[in-house]
Amino acid sequence: MDVLALYGLLVLTTLPPLVPNSALLVSVGVLASRGELLLPLILLIVAGSALLGDLLMYLAARRFGGPVRAWMRRKPRRRALLDWTSGRIQRYGLPFVIAVRFLPSGRIAGALASGVLRYPLRKYALGAGIAEATWATYSVGLGYLGSATTGRPLYAAAIGFGVSCAVAAVGAAIQWAVRRRAALRDASGGGEGEGGGPRNGDGEDPGGRASSVAAT
């Protein structure tokens, strides 16, 4: 494949959410270790395009908060995810904006919840930037280091893909436990959750709309 076309493929698979790209990222890491691609450029493209996708989702949710809330709350699983994510963004702020990126569907949930809450754009961009840089380094680094260590590209790709699947499985287990807890709380008529009021984790009121998520 042409090198420019491969870089373009990286953009197309990392800009939008929910596009399977683990195998591709590990593979380009292997190619970088062999000198066929530039590692710094790969990391810049992967992290930059993913961050751009995050910001587009955030801005869309910030601009169209009502329809986004209605769509997310249409199904119990999406509603529970939105409420849980929103509550923790209010409670923990920037650290959770970074951490949620590594949970299944967390990229979407974090961006939409932050937009609906009108979490400060600069802080969201900072958190998403740190998260995407970490994710890009980890994903591409699996292939790069694996190939450099073993000297066998196929082994490196298999190991990297296996580790990615294991990390995704752990994240899915955490998310399942959270959803189960939320379902049990709803069944027992529990409270609204742990949002702790309309302030985010940095002690600021993100636009005065935080409480509208749980109240809608």
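Residues numbered from 1 in each chain as written. Predicted model: local features only at pLDDT ≥ 70, side-chain atom pairs only at ≥ 80, totals over all residues. Heavy atoms only, no water.

Notes on the overall build of the protein
We apply this condition: Helix and strand definitions follow DSSP, with helices as H or I runs of at least four residues and strands as E runs of at least two, each counted in order from the N terminus. Burial status follows relative accessibility: with a 1.4 Å probe on protein chains alone, a residue under 20% of its type maximum counts as buried, one over 50% as exposed, and anything between as partly exposed. The contact definition used throughout considers only heavy atoms, calling two residues in contact when any of these lie within 4.5 Å. All accessible-area figures derive from a Shrake-Rupley calculation using a 1.4 Å probe, and residue coverage is judged against the displayed protein chains alone.
Scanning the protein from terminus to terminus reveals 10 helices and zero strands. Helices and strands appear in the protein in the N-to-C order α-α-α-α-α-α-α-α-α-α. In the protein, buried positions account for 40% of the 216 residues. Residue pairs at least 24 apart in sequence account for 76% of intrachain contacts in the protein once pairs closer than 6 positions are excluded. Surface exposure of the protein reaches about 11,200 Å², of which carbon and sulfur atoms provide 65%.

A closer look at helix α4 (residues 65–72)
For clarity, the threshold we go by: The arc under discussion is defined with respect to the helix axis, by the directions toward the C-beta atoms.
Those residues of α4 not exposed but buried are G65, V68, R69 and M72. Down the axis of α4, the sector holding all buried residues measures 100 degrees, keeping them to one side.

A word on helix α1 (residues 3–14)
Selection rule: Under the convention used throughout, the expected extent of a helix is 1.5 Å for every residue step, that is, one less than its residue count. In the analysis that follows, any N or O atom pair within 3.5 Å is treated as a polar contact, provided that within protein one partner can donate a hydrogen and the other can accept it, and provided that, for residues neighboring in sequence, both atoms belong to side chains.
Between its first and last C-alpha, α1 extends 17 Å over 12 residues, near the 16 Å set by a 1.5 Å rise per residue. The N-terminus of α1 is capped by D2, whose side-chain oxygen sits 3.0 Å from the backbone nitrogen of L4.

Things to note about the confidence of the model for the protein
Test applied: pLDDT measures the predictor's confidence residue by residue and takes values from 0 up to 100.
Scored by pLDDT, the protein has a mean of 80; 71% of the residues are at 70 or more. Mean pLDDT per element in the protein: helix α10 (residues 211–215) is the minimum at 37, and helix α3 (residues 39–63) is the maximum at 96. Segment residues 191–216: pLDDT under 50, and 58 contacts once partners within four positions in sequence are set aside and those in other chains are kept.

What about the packing of helix α5 (residues 76–92) against helix α7 (residues 106–117)?
Basically, it comes down to this: A fitted line through C-alpha atoms represents every axis, and for helices the fit uses only the stretch in contact; the resulting angles, taken between N-to-C directions, go from 0 to 180 degrees. When describing relative orientation, an angle under 35 degrees is termed roughly parallel and one over 145 degrees roughly antiparallel, while 65 to 115 degrees is termed roughly perpendicular and anything else oblique. With the far helix as reference, a near helix turned anticlockwise by less than a right angle produces a left-handed crossing, and one turned clockwise produces a right-handed crossing. Residue classes follow a fixed rule: Ala, Val, Leu, Ile, Met, Phe, Trp, Tyr, Cys and Pro count as nonpolar, while Asp, Glu, Lys and Arg count as charged, and any other residue, Gly among them, counts as polar.
α7 packs onto α5 with a crossing angle of 65 degrees between their chain directions and a minimal axis gap of 9 Å. What the angle tells us is that α5 and α7 run roughly perpendicular. Note that α5 runs across α7; the crossing there is right-handed. In this structure, α5 uses L81, L82, T85, S86, I89 and Q90 to contact α7, whose residues at the interface are A109, G110, A113, S114 and L117. In terms of residue class, the contact of α5 with α7 is made up of six nonpolar, five polar and no charged.

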